[in-house]
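Chains, contacts and geometry: an overview
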Amino acid sequence: MSEAPAQPGPAMATRTAQHGWFHRNRIKLAPWLFLAPALIFFAIYVVIPIFQSIWISFYEWDGLYNADGSTRATWVGLQHYIDLMDDDRFMTSLKNNVLWLVLFMLAVPVGLGIALFLNQTVTGIRLYKSLFFFPFVISQVVVGLIFSWFYNPNFGVVGFVWEFFGATPPAILADENLVTYGIIVAGLWPQIAYCMILYLTGLNNVSPDQIEAGRLDGAKGWKMLWHVILPQLWPATFLAIVVTVIGALRSFDMIAIMTQGGPYGSSNVLSYYMYETALSEYGYRYGYGSAIAVVLFAIMLIFISFFLWKMWRDEKGN
C-alpha cells in the first residue's frame, strides 16, 4: 500500500511565499539593489553630516572631549544664528557670496557663445576646442596660482600692460575694492569652459528638422537662436545654471590659494569663513562654524529647489 505524499510544512510554505514575492518583484527591486551601495555612501557621507552640522550649530563646542570621553559641548540654542547677524565678517562673506553668485552667472551665456562658435566644421576646430577645454581639466589650485602670478604688479601680465600704457599697475589681490572681482574672474575661466562643454553636448542633440523648419519659416540669426535652438538646449542650460550656482556658493579653493580671505577679510566667502572659524589653525568654534555652514546650505538649497521645481513644472507642462 503506497504512502500519501508528505504535505509541505509551515516553514516550507513561508520560504515558497517569500521566493515567490521576490520572483514577482525582481524587476522592480533590481534598480534599488544596484543603487543601494551609492545610496548608503550618500547617506553616510552627505545626508548624516548635514544633520550633524545642524545639531552642532546649537552648541558651543571646541571640538574636544573630556578625559572620560564625555563631550565638552554646551547647549546655546539659536544664539549662534543671532550672533551671525551682528558679525561684520559674516556679513562681508555673505555679500561676497552674493557677488560671486551674480557675476558667476556670466559663465552660462559666455559658455553658450563659445559653444556656438566652436560648433562648426572648419579646419583646426578640434585644436580650438581643446584649447578652450583646457581650463576645465586643470586643478583649481593651479588656476589660482596662475592668476596670482598674472595679477602680480611686479612681474605679472597685468603689470606689463599697465606699464606699457604708462600707468602704475594695481595690486589687485591687495586692494580691498578689487580683490573679490579679481578672484571671480579667475574662477570664471574654468567655469566658462565647463558650460561650453555642456552646450557643445547639447548642440549635438539639436534636431536638424526643427532648424530646417525654422529656416523655411524665415527664422535666422537671433530669431533662430531664441525660438528654435535655445528651447532645445534647456536641459543643458538647466544643468549649467545649477552647477554654476553651486560653484559660486562653494568658492573655497580659489580664496584659499589666492588670498586666504585677505586683505583684512575683504575677500572672504561663507565657505572659507566657516573653515577659518571651525577648522583652521586659529579656529576652535565648531558650533559657530556649523551655523555658518547651515546658512550656506540653506541658501544653496533654496536655489537648487527653485530650479528643480521649475524643471518639474516644465516637464509636467509638456
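Criteria and thresholds
Each chain carries its own residue numbering, running from 1 in the direction its sequence is written. Only residues with pLDDT of 70 or above have their local features reported here, since the model is predicted, and side-chain atom pairs are shown and tallied only from 80 upward, although totals for entire chains, interfaces and linings are computed over all residues. Just so you know, side-chain values use all the structure's heavy atoms and leave hydrogens and water out. Strands here mean DSSP runs of E at least two residues long; helices mean DSSP runs of H or I at least four residues long; both are numbered from the N terminus. Here the globule rule is a power law, 2.2 Å times the number of residues to the power 0.38, and the radius of gyration is based on C-alpha atoms. Any pair of residues with heavy atoms lying within 4.5 Å of one another is described as a contacting pair. Computed with the Shrake-Rupley method and a 1.4 Å probe, the accessible areas treat only the protein chains shown as cover for residues. In this count, Lys and Arg are taken as positive residues and Asp and Glu as negative ones, while His and the chain termini are left out. Taken as the charge centre is NZ of Lys, CZ of Arg, CG of Asp or CD of Glu, depending on the residue. When a carboxyl oxygen of Asp or Glu is within 4 Å of a side-chain nitrogen of Lys or Arg, the pair counts as a salt bridge. For each residue, the accessible area found with a 1.4 Å probe, counting protein chains only, is set against the maximum for its type, and the residue is called buried under 20%, exposed over 50%, and partly exposed in between. Within 6.5 Å between ring centres, the rings of Phe, Tyr and Trp (the latter by its six-membered ring) count as paired, and their orientation is classed by plane angle as stacked under 30 degrees, edge-to-face over 60, tilted in between. Patch rule: a residue counts if its relative accessible area is over 30% and it has no salt bridge; like charges are joined within 9 Å, and nonpolar side chains (Val, Leu, Ile, Met, Phe, Trp, Tyr) within 5 Å. Helix axes are fitted to C-alpha atoms over the stretch in contact, other axes to C-alpha atoms as well, and angles between N-to-C directions run from 0 to 180 degrees. In these notes the angle categories are as follows: under 35 degrees is roughly parallel, over 145 is roughly antiparallel, 65 to 115 is roughly perpendicular, and the rest is oblique. Handedness of each helix crossing follows the sense of rotation of the near helix against the far helix: counterclockwise by less than a right angle gives left-handed, clockwise gives right-handed. Following the grouping adopted for this structure description, the nonpolar residues are Ala, Val, Leu, Ile, Met, Phe, Trp, Tyr, Cys and Pro, the charged ones are Asp, Glu, Lys and Arg, and the polar ones are all others, Gly among them. In this scheme, a helix's expected span is set at 1.5 Å multiplied by one less than its residue total. Note that bend, as reported per residue, equals the angle between axes fitted to the 7 residues terminating at that residue and the 7 residues originating from it. Directions pointing from the helix axis toward each C-beta atom define the arc. Whenever a nitrogen or oxygen atom comes within 3.5 Å of another N or O atom, the pair is scored as a polar contact, on the condition that within protein one atom can donate a hydrogen and the other can accept it, and that pairs from neighbouring residues in sequence are kept only if both atoms are in side chains. Residues enter a nonpolar core if they are buried and are Ala, Val, Leu, Ile, Met, Phe, Trp, Tyr or Cys, with the set joined through side-chain atoms within 4.5 Å.

1. Considerations on the overall build of the protein
- Within the protein, the regular secondary structure consists of 15 helices and 2 strands.
- Relative to a compact globule of 318 residues, whose C-alpha radius of gyration would be 20 Å, the protein shows 28 Å and is clearly more extended.
- Projecting the C-alpha coordinates of the protein onto the three principal axes gives extents of approximately 120 × 75 × 35 Å.
- Intrachain contacts of the protein at a sequence separation of at least 6 include 65% that bridge at least 24 residues.
- A total accessible area of about 20300 Å² is found for the protein, and carbon and sulfur atoms account for 67% of it.
- Between the centroid of the 17 positive side chains of the protein and the centroid of its 19 negative side chains there is a distance of 16 Å.

2. With respect to the pattern of salt bridges
- As enumerated under the stated definition, the model contains 2 salt bridges in all.
- Between Glu 60 and Arg 285 there is a salt bridge; the shortest N-O distance is 3.5 Å. One end of the pair, Glu 60, is in strand β1 (residues 59–60); the other, Arg 285, is in the loop between α14 (270–278) and α15 (286–317), and 225 residues separate them in sequence.
- Take Glu 60: its relative accessible area is 27%, and that puts it in the partly exposed class.

3. Focus on the side chain of Ser 93
- Looking at where Ser 93 falls in the secondary structure, it is placed in helix α4 (residues 88–104).
- Once you skip the residues sitting within four places of it in the chain, Ser 93 turns out to touch Asn 268, Val 269, Leu 270 and Tyr 273.

4. A closer look at the packing of aromatic side chains
- Inspection of every chain in the model, using the stated rule, returns 21 aromatic pairs.
- Judged by centre distance (5.3 Å) and plane angle (50°), the rings of Trp 100 and Phe 104 are tilted. Linking Trp 100 with Phe 104, this pair stays in helix α4, spanning 4 residues, or about one helical turn. Just as Trp 100 is buried, Phe 104 falls in that class too.
- Taking the centre distance of 5.4 Å and the plane angle of 85° together, the rings of Phe 252 and Tyr 275 count as edge-to-face. Here Phe 252, found in the loop between α12 (234–249) and α13 (253–258), pairs with Tyr 275, found in helix α14; they are 23 residues apart in sequence, far enough to count as distant.

5. A few points about a nonpolar patch on the surface
- A cluster of nonpolar residues, Phe 133, Phe 134, Phe 136, Val 137, Val 141, Val 142, Leu 145, Ile 146, Trp 149, Phe 155, Phe 160 and Trp 189, forms a patch on the protein surface that exposes about 1100 Å² of accessible area.
- If you list the elements that add at least two residues to the nonpolar patch, you get α6 (125–137) and α7 (140–151).
- With 5 residues, the single largest contributor to the nonpolar patch is α7.
- Tracing the backbone through its elements, the reader meets Phe 160 in helix α8 (residues 157–164).

6. Overview of the packing of α6 against helix α9 (residues 179–203)
- Between α6 and α9, the shortest axis-to-axis distance is 7 Å and the interhelical angle comes to 125°. Comparing the axis directions of α6 and α9 gives the class oblique. In this structure, α6 meets α9 at a crossing whose hand is left-handed. Contact residues: α6 offers Lys 129, Phe 132, Phe 133, Pro 135 and Phe 136, while α9 offers Trp 189, Pro 190, Ala 193, Tyr 194, Met 196 and Ile 197.
- Partitioned by chemical class, the residues of the contact of α6 with α9 number 10 nonpolar, no polar and 1 charged.

7. Concerning α9
- Compared with an ideal rise of 1.5 Å per residue, which puts 25 residues at 36 Å, α9 spans 36 Å between its outermost C-alpha atoms and is within 8% of the ideal.
- At Trp 189, α9 shows its largest bend, some 30°, and a proline, Pro 190, comes one to four positions later.
- Among the 25 residues of α9, 19 are classified as buried, and the element is accordingly described as predominantly covered.

8. A look at α4
- Its 17 residues place the ends of α4 24 Å apart at the C-alpha level, agreeing with the 24 Å of an ideal helix rising 1.5 Å per residue.
- Those residues of α4 lying buried are Phe 90, Ser 93, Asn 96, Asn 97, Trp 100, Leu 101 and Phe 104. Across the axial projection of α4, the buried residues extend over an arc of 145°, all falling on one side. Opposite the buried face of α4, at more than 90 degrees from it, the exposed residues are Asp 88, Lys 95 and Val 102.
- N-cap assignment for α4: the residue whose side-chain oxygen lies 3.0 Å from the backbone N of Arg 89 is Asp 87.

9. Observations regarding the nonpolar core
- In terms of nonpolar packing, the biggest core is built from 65 residues, with Leu 84 and Trp 100 touching the most fellow members.
- No other element matches α9, which puts 12 residues into this core.

10. With respect to the packing of α9 against α12
- Where α9 meets α12, the axes come as close as 9 Å, and the angle between the chain directions of the two elements is 160°. Judged by the inter-axis angle, α9 sits roughly antiparallel to α12. Viewed along their axes, α9 and α12 form a crossing whose handedness is right-handed. Contacts between α9 and α12 pair Gln 191, Tyr 194, Cys 195, Leu 198 and Tyr 199 from the former with Ala 236, Thr 237, Leu 239, Ala 240, Val 243 and Thr 244 from the latter.
- Residues of the contact of α9 with α12, tallied by class, amount to 8 nonpolar, 3 polar and no charged.

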